[in-house]
Amino acid sequence: MQTGVGLSLPAQNLNVLNARRASFKGHKSHLNPSSQKHVSSVSSASSTELTRGHLSNLEKLLQKTNQPEPEPVIKGSGNGLIQPKGKGFLEGLNLSGIWPEMKAAEEMSPRHLNRLKRLLSKTMEYSPRNNLGSRWREYHGCNDWSGLLDPLDENLRREVVRYGEFVQAAYHGFHSNPAMSTDEAPLPRHVALPDRSYKMTKSLYATSSVGLPKWVDDVAPDLGWMTQRSSWIGYVAVCDDKKEIHRMGRRDIVIALRGTATCLEWAENFRAQLVQISEFDDPTQRVECGFLSLHKTRGAHVPSLAESVVEEVKRLMEMYKGENLSITITGHSLGAALSLLVADEISSCVPYMPPVTVFSFGGPRVGNKGFVDRLNEKNVKVLRIVNNQDLITKVPSLPNEFIGEGSEQQEKDNSWTYSHVETELRIDHKMSPYLKPNADVACCHDLEAYLHLVDGFLSSNCPFRSNAKRSLARLLQDQRSNVKQLYTHKALSLNLDRDRFSFPITSCLPSPSQ
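In the annotation of an unreviewed UniProt entry, the entry for the chain reads Phospholipase A I beta 2, DAD1-Like Lipase 1, and the organism field reads Hibiscus trionum. What the UniProt record of the chain gives under Sequence similarities (unreviewed entry) is the line "Belongs to the AB hydrolase superfamily. Lipase family." Its UniProt record, at the heading Subcellular location (unreviewed entry), says of the chain: "Plastid, Chloroplast".

Next up, the structure:
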């Protein structure tokens, strides 16, 4: 039997060994073009030529397809074979390659402490702000966001989250000073906007047309602002930064409206009968009575919401006459409902109105099919962001027994049935790896939970994106009982300062389970 090095080494290793031997003995080598000559002649050759020759031959050698070395198989005590040592059986299957969800879940595991520390910090990290100049009308809904929602376009995701944060600022602006004087007009107030390129130009107020019975004051005299008829409900802001105007492709006017806060606002929410918008409008176009009341009613010292918005929009349009303008109205819950009424109001207040778009979060139904058609005729674009488990988005809805199912009136014009606007971005809190799948009603409607879900949304059939950037700090502050215990316990084990989780006020109603 012939013995030698070739029997114990693979072919590619043998080539390397021969090359090394050639450098010492002058034998022929794949890497040494001058190996036919004696070693002493190598020193006389040009070092540059030798280098080029070695690199050329090395490149040819590396281009050859290397055969993988077979795993050593170890015989067992019986006739069977034992698995080769190395990766385990499950690791060898590479399940993350088969199911990307497993890889995403692993990347979001609390074992990745550095990532979790960042997500639990108060420091916000945003998706990149790309230049929207050439496509701003598309992101503003000129094509009803066709092709941008599923999968969700990264630029649209950033814009939706940004407008949601304007609504959070409206919540904070109200709760920082909720009380209003009944004897004099309110003083101007400052609101800390989330985007410094915008400046606030006007405060907005909503007034209820109903009052509480007198016995309420006798039973609970300390309710204070909870029983006031007029309340600060939002603001108007305009982009005032040249770089941001260039990035967005236009100067943007934002109208942000908060959700329900006072007792009388809750009372208006339950006035669910459909009424005609005005005596001069088409009687088949109807909206909810309570929402219309908050929109149209004047206060003792403040104008109605409708009057304030129209006046301020006209003023800003005159101030920035000749520029590309857009009007973006955004709101949550009650604010989402009022956003549709505001959009309807301002869309025809001047002959040449710039594009009007609504981004609504967790909004209820506002009117009937006639009202939806009215918005479409005025070219108002509406994107509803809806959580599958949010009950507020499913009301109000009058039962068929009350409407008269199959009645002639209903079949004629649907005047007595509620209808949603059509374009929606549907999200699901069960897709979040951080929230409990059985989260309570308040969590499903919470604005911060909405922004958390939008930031993580990829598409309807894909998991929560592993590179979601939004901080979990506010979510833990507002909805700790609805966050999986795995993450709340991990937050405590990281010894993070609880004061870092303290925010001045919650973005919506607190969870009833807290």
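Trainee: I'd love a proper account of empty space enclosed by the protein, names of residues and values included.
Mentor: According to the stated counting rule, one finds five cavities of 30 Å³ or more in the structure shown. If you add up the space inside the largest cavity, you get close to 90 Å³. Taken together, 15 residues make up the lining of the largest cavity; nearest its centre are Leu340, Pro364, Val366, Arg384 and His420. Residue assignment for the lining of the largest cavity shows that the elements contributing at least two residues are helix H15 (334-346) and helix H16 (369-377). Per element, the largest residue contribution to the lining of the largest cavity is three residues, and it comes from H15.

Trainee: Tell me about unusual backbone geometry, and please be specific about residues and values.
Mentor: Residue Pro151 is reached from Asp150 by a cis peptide bond, and omega for that bond is 5°. Mapped onto the secondary structure, Pro151 falls in the loop between helix H8 (136-139) and helix H9 (154-175). The peptide bond linking Val395 to Pro396 adopts the cis configuration, its omega dihedral lying at -10°. Within the secondary structure layout, Pro396 lies in the loop between strand E11 (381-387) and helix H17 (400-403).

Trainee: Outline the pairing of strand E13 (residues 424-427), listing residues and values.
Mentor: Taking every second residue as pointing to the same face, the buried face of E13 carries Leu425 and Ile427, while none of Glu424 and Arg426 on the other face is buried. As paired elements, E11 and E13 share four bridges and run parallel to each other. Bridged to Ile385 within E13 is Leu425.

Each value, and the rule that gives it
- Residues numbered from 1 in each chain as written.
- Predicted model: local features only at pLDDT ≥ 70, side-chain atom pairs only at ≥ 80, totals over all residues.
- Heavy atoms only, no water.
- UniProt positions renumbered as here; feature names shortened; annotations may be inferred.
- 1 Å grid on protein atoms, 1.4 Å probe; cavity = no way out; pocket = protein on both sides within 12 Å on 5 of 7 lines; lining within 4 Å.
- Points joined across faces, edges and corners; volume = space filled by probe spheres on them.
- Helix = DSSP H or I, 4+ residues; strand = E, 2+ residues; numbered from the N terminus.
- Buried < 20%, exposed > 50% of the residue type's maximum accessible area, 1.4 Å probe, protein only.
- Pairing = 2+ DSSP bridges.

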